[in-house]
Amino acid sequence: MAARVVRRLPRLKPFNRLQVILQHLKMSKHTDSTAEVLLEKRGGAGIITLNRPKALNTLTISMIRQIYPQIKTWEQDPETFLIIIKGTGGKAFCAGGDIKVISDAGKVGDRLIQYFFREEYTLNNAIGTCKKPYVALIDGITMGGGVGLSVHGHFRVATEKTLFAMPETAIGLFPDVGGGYFLPRLSGKIGYYLALTGFRLKGRDVQKAGIATHFVESEKLSALEEDLIALKFPSIESIAEVLNSYHEKSKIDQEKAFVLDEHMEKINSIFSANSMEEIVKKLKQDGSAFAMKQLETINKMSPTSLKMTLRQLREGASMSLQDVLTMEYRLSQACMRGHDFYEGVRAVLTDKDQFPRWKPAALEEVSDEFVDDCFKPLGNNDLKL
């Protein structure tokens, strides 16, 4: 429905389009079970439900254009005290952005490759700067764009079903949606490790890594949501109290050690290197089974993406979220101009042969000058937040 409205309004600026779409959607029922995103108010809570269960709630441009203005409206509404975001279907919170659609658009020169990233990152910033408490229930697969919808908010609640990853280097992209901000701020070099290898964290490990703030059993989420909605005048403190009480009662994997605990010393040492070539050298020198497994993984990734990502995180470590998102928009457009993103999508998502032919094919062939060019300002086309 929203997509049809966009097509009728080609000359409107993006945020005028947003207003028209929102008005159009208000005339329809937000609780329509066929809608891509459900927006409702219950008590003092604004509730966003991602509703593409068959597509693992992957994020589309029309979903972004519904969620952004609604968050802004609730932020200004004196009768909205908190915002909750969740997914339907039981398998995923949000498995990422609708990458195949973006790839198809890029191949034919469609401007979607500009405004999807621009509007997605604007939404990420709205979440990161939201004045109302924002609670993301990240039950199930939470990757890429789904991380952007959750990690910048005040509270992220993982469950035993949560599967977190930033797998972008495997498809010729980089861990965007503010990855350059939150990943280098995780303890030690975990964020660098997750970004470069695409390693998957599951369940309580998502909270132990510092990505989620709380862990709650999946079957308790409905009760948790009801208790949050029932709060008279929810504040950061009162919401934290409710979340803490559920977290403390959760017994699943409570005594289990963090999955990366035994490897943290190696991760912190190896992934503190200043270049990808040095990381590879350190992995080879280490020679352990763990190091060899990481080397094997890194050798499958786009060399261009790896170099871009390492610099993104190193620079993002001392930047504001807004400056990181501006930098990432520049990188997104560099990827859209390049080869590896389209090849990665072909190999992993379209043909599924899992054999991408990267260009350049080796780290040594990706020049510093090329990487520098990816980070250059875009003038009037830069993202402005």
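Just so it is clear, the model here is predicted, and its values are computed rather than measured.

A closer look at the overall build of the protein chain
Part 1: A count of helical and extended segments in the protein chain gives 18 helices and 10 strands.
Part 2: Radius of gyration (C-alpha) of the protein chain: 21 Å, near the 21 Å computed for a compact globule of 385 residues.
Part 3: If one aligns the C-alpha atoms of the protein chain with their principal axes, the spans along those axes are about 60 × 55 × 35 Å.
Part 4: Across the 385 residues of the protein chain, 57% fall into the buried class.

Here we look at the sheet that holds strand β6 (residues 141–143)
Part 1: One open sheet accounts for four strands, arranged β4-β6-β8-β9; its pairing is mixed. Of all strands in the sheet, those bounded by a partner on one side alone are β4 (92–94) and β9 (201–202).
Part 2: Direction of pairing for β4 relative to β6: parallel, over a ladder of two bridges. Within the sheet, the bridge partner assigned to C94 lies in β6 and is T142.

Observations concerning helix α16 (residues 321–337)
Part 1: Here α16 is 17 residues long and its end C-alpha atoms lie 24 Å apart, about the 24 Å a rise of 1.5 Å per residue gives.
Part 2: For α16, a buried count of 14 out of 17 residues is recorded, marking the element as mostly surrounded by other parts of the structure.

Points about the pattern of salt bridges
Part 1: Inspection of every chain in the model, using the stated rule, returns 17 salt bridges.
Part 2: Between K266 and D286 there is a salt bridge, and its shortest N-O distance comes to 3.0 Å. You can see K266 sitting in helix α12 (residues 264–270) and its partner D286 sitting in helix α13 (residues 276–286), a full 20 residues away along the chain.
Part 3: Judged by its relative accessible area of 30%, K266 is partly exposed.
Part 4: Overall, the relative accessible area of 30% leaves D286 in the partly exposed class.
Part 5: With a closest N to O distance of 2.7 Å, R346 and D353 form a salt bridge.

Looking at the nonpolar core
Part 1: I48, L50 and I279 are the most contacted members of the largest nonpolar core, which has 94 residues in total.
Part 2: Setting aside chain neighbours within four positions, we find I48 in contact with V37, L38, L39, I67, I71, W74, I83, I84, I85 and K86.
Part 3: Core analysis: the second largest hydrophobic core is formed by 18 residues, V157, V242, L243 and Y246 among them.

So, the side chain of S238
Part 1: Its location among the elements puts S238 in helix α11 (residues 236–249).
Part 2: Side-chain polar atoms of S238 contact the backbone nitrogen of S235, separated by 2.8 Å.
Part 3: Setting aside anything within four residues of it in sequence, one finds S238 in contact with L231 and F233.

Some thoughts on helix α10 (residues 221–230)
Because the α-helix completes a turn every 3.6 residues, residues three or four places apart line up on one side.
Part 1: The set of residues buried in α10 consists of L221, L224, E225, L228 and I229. Down the axis, α10 shows its buried residues gathered within 135° of arc, on one side only. Of the residues in α10, the exposed ones pointing more than 90 degrees away from the buried face are S222 and A230.
Part 2: Considering only its buried residues, α10 is in contact with β1 (37–42), β2 (45–50), β3 (82–87), β5 (134–138), β7 (155–158) and α11.

Some thoughts on the side chain of E120
Part 1: Residue position: E120 is located in helix α5 (residues 112–128).
Part 2: Those residues within four positions of E120 in sequence are excluded, and the remaining contacts are L59, I64, G145, D176 and V177.

Overview of the packing of aromatic side chains
Any pair of aromatic rings gets described here by the distance separating the centres and the angle formed by the planes.
Part 1: Throughout the structure, instances matching the rule amount to seven aromatic pairs.
Part 2: Seen in terms of ring centroids, F117 and Y121 are 6.0 Å apart; in terms of plane orientation they differ by 65°. Their pairing is edge-to-face. Of the two residues, F117 and Y121 both sit in helix α5, four residues apart, roughly one turn of that helix.
Part 3: Here Y193 and F290 contribute two aromatic rings whose centre-to-centre distance is 6.0 Å and whose plane-to-plane angle is 35°, an arrangement assigned as tilted. With Y193 in helix α8 (residues 190–197) and F290 in helix α14 (residues 289–298), the pair connects residues that are 97 residues apart, well separated along the chain.

About the thresholds
Residues numbered from 1 in each chain as written. Predicted model: local features only at pLDDT ≥ 70, side-chain atom pairs only at ≥ 80, totals over all residues. Heavy atoms only, no water. Helix = DSSP H or I, 4+ residues; strand = E, 2+ residues; numbered from the N terminus. Rg over C-alpha atoms; globule rule 2.2 N^0.38 Å. Buried < 20%, exposed > 50% of the residue type's maximum accessible area, 1.4 Å probe, protein only. Pairing = 2+ DSSP bridges. Expected span 1.5 Å × (residues − 1). Salt bridge = Lys/Arg side-chain N within 4 Å of Asp/Glu carboxyl O. Core = buried A, V, L, I, M, F, W, Y, C linked by side-chain atoms within 4.5 Å. Contact = heavy atoms within 4.5 Å. Polar contact = N/O pair within 3.5 Å; in protein donor to acceptor, adjacent residues only side chain to side chain. Arc of directions from axis to C-beta. Phe/Tyr/Trp six-rings, centres within 6.5 Å; stacked < 30°, edge-to-face > 60°.

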